[in-house]
Amino acid sequence: MTVAGVVRSGSFDRLVVKALHRYLMDRRPEACESAVASQKSEVAALHEMTNLLPSTLDLHKYRRSPPFSPFPMPSGVRLDEFTIEIEHYHAVHGLRYRYMRQNKKVLVYLHGGGFVAGSSKDHPGWIGQVGHRMMVGEVYSIDYRLVPEHTLLEAIEDVVAVFTHLLQKGIAAKDVLFWGDSAGATLAVLALCRLRAMGAQQPAGAVLLSPAIGLSLLHSPPKAFETWTSVSENRGKESRISEKIVNWMESLVLNPQNTETINEQLRNLSGLPPLIIVMGGNEILRDGGRDLFSAAEAAGVRVAYREYADVDHLFPMWSEFLPVAAEALDKTIQW
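Read on for a plain summary of the structure. Just so it is clear, the model here is predicted, and its values are computed rather than measured.

## Some thoughts on the overall build of the protein
Within the protein, the regular secondary structure consists of eleven helices and nine strands. Residues counted as buried form 57% of the 335 residues belonging to the protein. As presented, the protein carries roughly 14,200 Å² of accessible surface, and 51% of it is formed by carbon and sulfur atoms.

See the structure below:
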């Protein structure tokens, strides 16, 4: 297991705000004040949301709050919405990024949001940059079905349907890579397990940024989230994900049906394609990433684990202006 001690910086949010300020002052000084204010506002909104838990938070209002995304879209990227019919009564929707290069390599991007929120339109500049750096021809960012209106199995089916659609278009499985952030990273693993169980082809591998929610079920019996060492060690360190948020999301997600789905998929990780897991040392969810690495390694999966000290959940998303995030993204792409 690789634990990369990259930065000792105190508050990660202060580090982000300072780095964002420097970045914009050098490139877009006219946008600096509003962007820094937006970043601070998002952090304040997250704290306010936490204070409303567990009973008074409006899930639909939470879903309508788009995350702050300061990253520029690479030039030449075309965006359009896609629809893939998978059954006579259901279709998968999302956002497709098309690059000006002639290849058939595809990235399937799975957004975060604890399985209860998020959309394909989150972080468009970040996703555009990832696809550009990965030298793919297209990125498919999926609007998979969300809990509690739907089940996790339905979300898994949406990912499998998009992958199957790409194969039917003539894309080789070896030319497809899954990339998930937070709950999207967990969903990527669940979808890979589902494909394996079906005896279907699998993509070349998966990049898993801060996998979250449901990984307590890797243990038998389940290891309650509140007992993780990372919760006690990082209490008060991480500013974006709190125990209350995780407990609230798990209360919505881990009903008996969804728990059975996760157990079925994660019971055995053997036969999965290569994985890379990237975690921040400040994450209260850190132990979930470590446990996933250990379970995959024990199952014979080619898996890499990289953990960076003193940084928060999904820190590589700040790669445009934060050196430690840029380093993590560079090493992930080189993998």
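## Here's the deal with the side chain of Thr 332
Note that Thr 332 resides in helix α11 (residues 323–334). Setting aside residues no more than four positions away along its own chain, Thr 332 makes contact with Trp 179, Val 207, Ile 276, Val 278 and Arg 306.

## Topic: helix α6 (residues 183–198)
Taking 1.5 Å per residue as the helical rise, α6 with its 16 residues ought to reach 22 Å, and the 22 Å between its terminal C-alpha atoms agrees with that figure. Summarising burial for α6: twelve of the 16 residues are buried, a large majority. Where α6 is concerned, the buried positions are Ala 183, Gly 184, Ala 185, Thr 186, Leu 187, Ala 188, Val 189, Leu 190, Ala 191, Leu 192, Cys 193 and Leu 195. Residue Gly 199 follows α6 closely and has a positive phi angle near 75°.

## Some remarks on the packing of helix α5 (residues 152–168) against α6
At a minimum axis separation of 9 Å, α5 and α6 run at an interaxial angle of 70°. Comparing the axis directions of α5 and α6 gives the class roughly perpendicular. Between α5 and α6 lies a crossing of right-handed hand. Contact residues: Ala 155, Ile 156, Val 159, Val 160 and Phe 163 in α5; Leu 187, Leu 190, Ala 191, Arg 194, Leu 195 and Met 198 in α6. Here the residues of the contact of α5 with α6 are counted per class, giving ten nonpolar, no polar and one charged.

## Some points on the packing of α6 against helix α9 (residues 256–266)
Direction vectors running N to C along α6 and α9 enclose 65°, while the axes themselves pass 9 Å from each other. Seen along the crossing, α6 lies across α9 with a hand that is left-handed. Here Val 189, Leu 190, Cys 193, Arg 194 and Arg 196 of α6 come into contact with α9, specifically with Ile 262, Gln 265 and Leu 266. Residues that form the contact of α6 with α9 fall into these classes: five nonpolar, one polar and two charged.

## Remarks on the side chain of Thr 259
When you line up the elements, Thr 259 lands in helix α9. On the accessibility criterion, Thr 259 (18% relative accessible area) is buried.

## Describing unusual backbone geometry
Note that the residue after Val 147, namely Pro 148, is joined by a cis bond; omega there is 10°. Examined against the element boundaries, Pro 148 turns out to sit in the loop between β5 (138–143) and α5. We note that Ser 182 has phi near 55°; this positive angle belongs to a residue other than glycine. Here Ser 182 lies in the loop between β6 (176–181) and α6. Given the relative accessible area of 9%, Ser 182 is considered buried. A positive phi angle, close to 50°, is found at Ser 210, a residue other than glycine.

## Focus: α5
The periodicity of an α-helix, 3.6 residues per turn, causes residues three or four positions apart to be oriented the same way. For α5, built from 17 residues, the straight-helix expectation of 24 Å at 1.5 Å per residue is met to within 8% by its first-to-last C-alpha distance of 24 Å. Among the residues making up α5, those that are buried are Leu 152, Ala 155, Ile 156, Asp 158, Val 159, Val 160, Ala 161, Val 162, Phe 163 and Leu 166. The positive-phi residue at the C-terminal boundary of α5 is Gly 170, with phi of around 100°.

Definitions and limits used
- Residues numbered from 1 in each chain as written.
- Predicted model: local features only at pLDDT ≥ 70, side-chain atom pairs only at ≥ 80, totals over all residues.
- Heavy atoms only, no water.
- Helix = DSSP H or I, 4+ residues; strand = E, 2+ residues; numbered from the N terminus.
- Buried < 20%, exposed > 50% of the residue type's maximum accessible area, 1.4 Å probe, protein only.
- Areas by Shrake-Rupley, 256 points an atom, 1.4 Å probe, with all protein chains shown as cover.
- Contact = heavy atoms within 4.5 Å.
- Expected span 1.5 Å × (residues − 1).
- Axes fitted to C-alpha atoms, helices over the stretch in contact; angles between N-to-C directions.
- Parallel < 35°, antiparallel > 145°, perpendicular 65-115°, else oblique.
- Left-handed = near helix turned anticlockwise from the far one by under 90°.
- Nonpolar A, V, L, I, M, F, W, Y, C, P; charged D, E, K, R; others polar.

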